[in-house]
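A structural walkthrough
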Amino acid sequence: MTSRWSQTKWVAVWSLLVLCCALYLGFSFTQGIRVETSVLDLLPKDQSDPIKEAAVAAVSEQVQQKVVFLLGHGDTAQAIKAADSTYERMVKSALFEDIQYQVSASQTQEIYQFYWPYRLTLFSDQFLHWLQIGDFSAMTTTAMKRLYNPTSVVNADLLAQDPLFQLVDFLQNIASASGGLTMVQQRLWAKQDDLHYVFIQATLKNTIFSLQTQTSYQSFFQELKGELTLHSNVRLLSTGAIYYAAAGVASAKQEISTIGLGSLLGVIILVVLVFKSIRPLGFAVLSVSVGVMFGLSACLLIFGGVHLMTLIFGASLIGVSIDYTFHYFTERSAVAHDQVIPNIRAGLTLGLVSSCIGYLALSAAPFPGLQQMAAFSSVGLIAAFFSVVIWYPRLVTMQIKPLSPVLLRRVVAVSMFWRRLPLTGVYVLVSVLLMTSVGILFFANSNDDVRGLQHRPADLLQQDNKIKSIMKLSVANQFYLVTAHSAEAVLAKQKQMLPVLAELKRDGALGGYVALLDMIPDASTQNHAYQILRTEMLSPTSVFMKYFNQLGFDDLFIETMRQQYRHKQPQLLTVDHWQNSSLVSQFPFLWLGKIQDQFVAVVALTDVQDLNALASAELPDGVQFVDYVEDISNVFAKYRDLVTLLVIAAYGIILLLLIIRYRWLQVLLIILPPVLAAVLSLAILTLAGVALNLFMMLALMLVLGIGIDYTLFLTEHPESQSTTLVAILLSAVTTMLSFGLLALSDMPVLQGIGLVVLLGIFFSTVFAPLACLAGIKKREA
Amino acid sequence: MRKWLFLGLWFVFSVSHAEFVSVDLNQTNASFFKVVEQLKQQTHTQGQFTQNKYLRVLKRPLKSSGTFSQSTTSGVRWQIVKPITLTLLLTDSELVEVDSSGKETRKKIADHPELHIFSSVFIAMISGVLEPISAQFDIGFEGNVEHWSIQLKPKSATILAKIFSQIVLSGSGHIESIQMFEKKGDHTDIFFIMNPVTQVNGHD
């Protein structure tokens, strides 16, 4: 056995490690910890298609950081006043890096100047059509309509620069794609129910997943709301991913504290009842918090952040690691101080190893969320284990009163239930239960729709929809991804898509689309149109000469005009020009640049009505329909199956380990209770009409991990069965208390986990004494 | 929450600008008041117009002529006969173009806010109902009820001020000409010859 000195050494080493961990965490907290909240962040990167993955990531990153404000008032002046003060506050807050509010004339000027050098090759669709059919007089007639229209603003400069108004026409063609907002007094407006809304959009500087950003944003927003409602009855509407992220965090915080409080209360009551002392509680808190500290540190070190789901799942550590404390104290109540650890070490170690195998199996899936949970849980459990094994013998100096004999007798009496039944009866009952449950599972439903799993508070959704209805726009979660070997080829492919898109639009499958091609026509279109125009311009009898003469341009001007067309090769507008301009920042998602030797662009869709039509449309090679909500749901489904397999695999490994130590029948009896509990819980949920999802399978993993602990402890400690049973009961009640509360959660994910753990642990406890059925005999080594 | 992809679009391609208007016509000149009243009471006018547009880069003005009619209920109908055939129907809510082949192009003001400001100014000038645009101009008056001219100078903060130096309406009883002077030296003159209208108002 360990000598006194080496024990002291271990205590010192472990204390030092804990101190380091605490310092690291403290440091991390001052730096700000990244807490992810979106269920999507749990997902694996789709390795099969890195281009698609990068596209989805780029698009969502663009979108995530955006916040939209609408300030509505019946009186436009009041609305402007409110918007101005909102804008000032936004600037002052320093939270935003890009606030789009007043559109300055210089912005319009900038666009004109960007396109100006390429004016000879850019045409609106209408002009292109006329060029192709050679109807040049239609072009001059249109220009004349503009000239003679008393309401059109045509000055000499514009006429001299763009005598056919082709560039103006091209730009207006793009602008007409805009949508429900109108520009008045250099601001964007929407109107609904007699309220005029001013539109402000901004991009948040720091990631919305940092708690710091969320806190400072929320205090900014509360102040803004307070000011606006105090001084005027302006209607403030706002939406953006940050609200959902913050709501997720707030709700999870509440959930975590609910579980925490529930567990704590349960533990306190139980500990006081069983041990007739509050002191074991202090030790429980100590080992559990060391576990949580190490788990969190491991996540921060390995993943650079932590996901909320990991934290919540990690809270289950309390349920598992507190077992160690309970086992220690129940044993302590029965045997001498220095006998405790030697007595329970084998059981604790086996429990730890089996749990870690389970978690390791989880992390075998290339699923960041699972890997995080596995790292958090296994590191946390190991830390809690060491705290109990190393610290407790030194720290627990007080006497623990023997457990109440009445309690022990009762517990044993209840557990004897199985033994009182005839052995064959038990086997028949267990087999029937098992088979019926498995049979029912064939009818199990699953629902992996990510929309059902995301936490989306009703008030936020309502605001979201209100804003959508005001702006008359709904941009879809779907898009077309266009890839090609060159930027030019991407544009050419988009051109090939146009008839298909037009048909989809005509059939009502989608409301509209936005593509880079709208802003940069492909080279062959530009060149072709230029050549036609050039030939006509250079001909002395051309329609254009007649037009110029008729208007009254002087000969010098006409000659200069024609000279522009003397080059056979025009200066074409290319994606490169676009990329190097300041305009690109306005449409970052339309052009994703080069990803793995391929050039990638997105055709964004609005008002999608018929997903099937969009997905099955016949498109050129290199164009694919991306529906990332559907993709994510599919990924969830895939991983639900994978986790199921992993659970089975983990059990296989545990089974192998157990065979080394125990006889076959005993192995079966150790494995059977948790398996039966898991299958039965799923069967009950199926009968109740609950659809299964990935997270419920994860919870099942937890049940199996905790459940096997119970049977292992019982098997390992036949001599102190009654105290072990008390420890198991204590841990089961604690776990059920904390996770049972989760079943009441707002978050669908947590609800599922709560239900599974509640049922699973209940049945694990009920079936656990089955492990003692065959007289316990270890295999002779 | 992923719906904000496209909002960037609006910022870039909103080619022009417009202003809200409010009613604030503070003129004390008695003659001016009478002229304005007179113009307002002509709820229906019609006649011929000639428009000369003087652009610096052209040797001669762009001349067009045709007929027009105006009523407070149906807006302005502007029918160009020479040198092209084009009919414009202007109301507060839309702009309709009908070309020689009868093809109609409708533009809703709500979708093309840039049209709003110019069509509203034009409607106001033709109809003589100046209140809707009075917030954007400093208004001056010369002459008497028989021979008058109204000068409209865009207020400095408005978009109109970037384009026009001033607009002069003149007439006797009814409007006879509109001259629009642009900052860069271009100008447009429109002359009207009114047809007698059967319904006569305002002269008791």
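Since the structure is predicted, the reported quantities are computational estimates derived from the model, not experimental observations.

**Observations regarding the pattern of salt bridges**
- Scanning the entire structure with this criterion turns up 13 salt bridges over all chains.
- A salt bridge links Asp186 of chain B to Arg56 of chain B; the nearest nitrogen and oxygen atoms lie 3.0 Å apart. Linking Asp186 of chain B in the loop between β10 (174-182) and β11 (187-194) with Arg56 of chain B in the loop between β1 (44-54) and β2 (62-71), this pair joins segments that are 130 residues apart in sequence.
- On the basis of relative accessible area, Asp186 of chain B is assigned to the buried category, the value being 1%.
- A relative accessible area of 43% places Arg56 of chain B in the partly exposed class.
- Glu94 of chain B serves as the salt-bridge partner of Arg106 of chain B, at 2.6 Å between the closest nitrogen and oxygen. On the criterion of sequence distance, the pair formed by Arg106 of chain B in strand β6 (residues 104-108) and Glu94 of chain B in strand β5 (residues 94-99) is long-range, its members being twelve residues apart.
- Salt bridges linked by common partners bring Asp157 of chain A together with Arg56, Lys184 and Asp186 of chain B together as one network.

**Here's the deal with the pairing of strand β7 (residues 235-240) of chain A**
All names here are of chain A.
- With five of its six residues buried, β7 lies for the most part within the structure.
- Pairing analysis gives six bridges linking strand β2 (residues 66-73) to β7, with the strands arranged antiparallel. Looking at β7, one finds that Leu71 is bridged to Leu236.

**Some details on the environment of Gln192 of chain A**
- With respect to the secondary-structure elements, Gln192 of chain A resides in strand β5 (residues 187-192).
- Residues Gln192 of chain A and Gly74 of chain A, spaced 118 residues apart in sequence, show a C-alpha to C-alpha distance of 9.7 Å.

**With respect to the environment of Trp78 of chain B**
- With respect to the helices and strands, Trp78 of chain B occurs in strand β3 (residues 75-82).
- Along the sequence, Trp78 of chain B and Leu89 of chain B sit eleven residues apart, while their C-alpha atoms lie 6.4 Å from each other.

**Some thoughts on the side chain of Thr121 of chain A**
Residues and elements named next belong to chain A.
- With respect to the helices and strands, the residue Thr121 is situated in the loop between α4 (105-115) and α5 (125-133).
- Here Thr121 falls in the buried class, since its relative accessible area comes to 2%.
- Among all residues touching Thr121, those that are not within four sequence positions of it are Gln166, Gln526, Tyr530, Pro570, Gln571 and Leu572.

**Digging into the packing of helix α14 (residues 340-363) of chain A against helix α28 (residues 628-661) of chain A**
Residue and element names in this part refer to chain A.
- Look at α14 against α28: their axes get within 8 Å of each other, and the N-to-C directions meet at 150 degrees. As the angle between them shows, α14 and α28 are arranged roughly antiparallel. Along this stretch, α14 crosses α28, giving a crossing that reads as right-handed. Counted together, Ala346, Leu350, Val353, Ser354, Ile357, Gly358, Ala361 and Leu362 of α14 and Val643, Leu646, Ala650, Ile653, Ile654, Leu657 and Arg661 of α28 form the full contact between these two elements.
- Residues that form the contact of α14 with α28 fall into these classes: twelve nonpolar, two polar and one charged.

**Focus: the nonpolar core**
- By size, the foremost hydrophobic cluster in this structure holds 179 residues, and its most contacted members are Tyr115 and Tyr480 of chain A.
- In terms of residue count, the dominant contributor to this core is helix α30 (residues 694-716) of chain A (17 residues).
- Within the second largest apolar cluster, 77 residues are counted, among which are Met561 of chain A together with Leu58, Ile84 and Leu152 of chain B.

**Side note on the pairing of strand β12 (residues 598-606) of chain A**
All names here are of chain A.
- Where burial is concerned, most of β12 is hidden: seven out of the nine residues are buried.
- With three bridges joining them, strand β10 (residues 512-514) and β12 adopt antiparallel strand pairing. Looking at β12, one finds that Val514 is bridged to Ala604.
- Of the strand pairs in this sheet, strand β11 (residues 591-595) and β12 are connected by four bridges, and their pairing is antiparallel. Along β12, the bridge assignment pairs Ile595 with Gln598.

**Quick word on the packing of aromatic side chains**
All names here are of chain A.
- Going through the model one piece at a time under the given rule, you end up with 39 aromatic pairs over all chains.
- Taking the centre distance of 6.3 Å and the plane angle of 20 degrees together, the rings of Tyr112 and Trp116 count as stacked.
- Considering the side-chain rings of Phe221 and Tyr243, the 5.3 Å spacing of their centres and the 75 degrees angle between planes classify their relative orientation as edge-to-face. A residue pair is termed long-range when its members are at least 10 positions apart, and Phe221 in helix α9 (residues 211-231) and Tyr243 in helix α10 (residues 241-275) qualify at 22 residues. The pair Phe221 / Tyr243 is uniform in exposure class, with both members buried.

**Examining the packing of helix α16 (residues 405-415) of chain A against helix α31 (residues 721-742) of chain A**
All names here are of chain A.
- Between α16 and α31, the shortest axis-to-axis distance is 9 Å and the interhelical angle comes to 85 degrees. What the angle tells us is that α16 and α31 run roughly perpendicular. Residue-level contacts link Leu407, Leu408, Val411, Val412 and Ser415 of α16 to Ser722, Thr723, Leu725, Val726 and Leu729 of α31.
- Each residue belonging to the contact of α16 with α31 can be placed in one class, and the counts come to seven nonpolar, three polar and no charged.

**Here's the deal with α14 of chain A**
- Here α14 of chain A contains 24 residues, and its C-alpha end-to-end distance of 33 Å stays within 8% of the 34 Å for a straight helix at 1.5 Å per residue.
- Maximal helix bending in α14 of chain A amounts to about 35 degrees, located at Ala346 of chain A.

About the thresholds
Residues numbered from 1 in each chain as written. Chains lettered and ligands numbered in written order. Predicted model: local features only at pLDDT ≥ 70, side-chain atom pairs only at ≥ 80, totals over all residues. Heavy atoms only, no water. Salt bridge = Lys/Arg side-chain N within 4 Å of Asp/Glu carboxyl O. Helix = DSSP H or I, 4+ residues; strand = E, 2+ residues; numbered from the N terminus. Buried < 20%, exposed > 50% of the residue type's maximum accessible area, 1.4 Å probe, protein only. Pairing = 2+ DSSP bridges. Contact = heavy atoms within 4.5 Å. Axes fitted to C-alpha atoms, helices over the stretch in contact; angles between N-to-C directions. Parallel < 35°, antiparallel > 145°, perpendicular 65-115°, else oblique. Left-handed = near helix turned anticlockwise from the far one by under 90°. Nonpolar A, V, L, I, M, F, W, Y, C, P; charged D, E, K, R; others polar. Core = buried A, V, L, I, M, F, W, Y, C linked by side-chain atoms within 4.5 Å. Phe/Tyr/Trp six-rings, centres within 6.5 Å; stacked < 30°, edge-to-face > 60°. Expected span 1.5 Å × (residues − 1). Bend = angle between axes of the 7 residues up to and from the residue.

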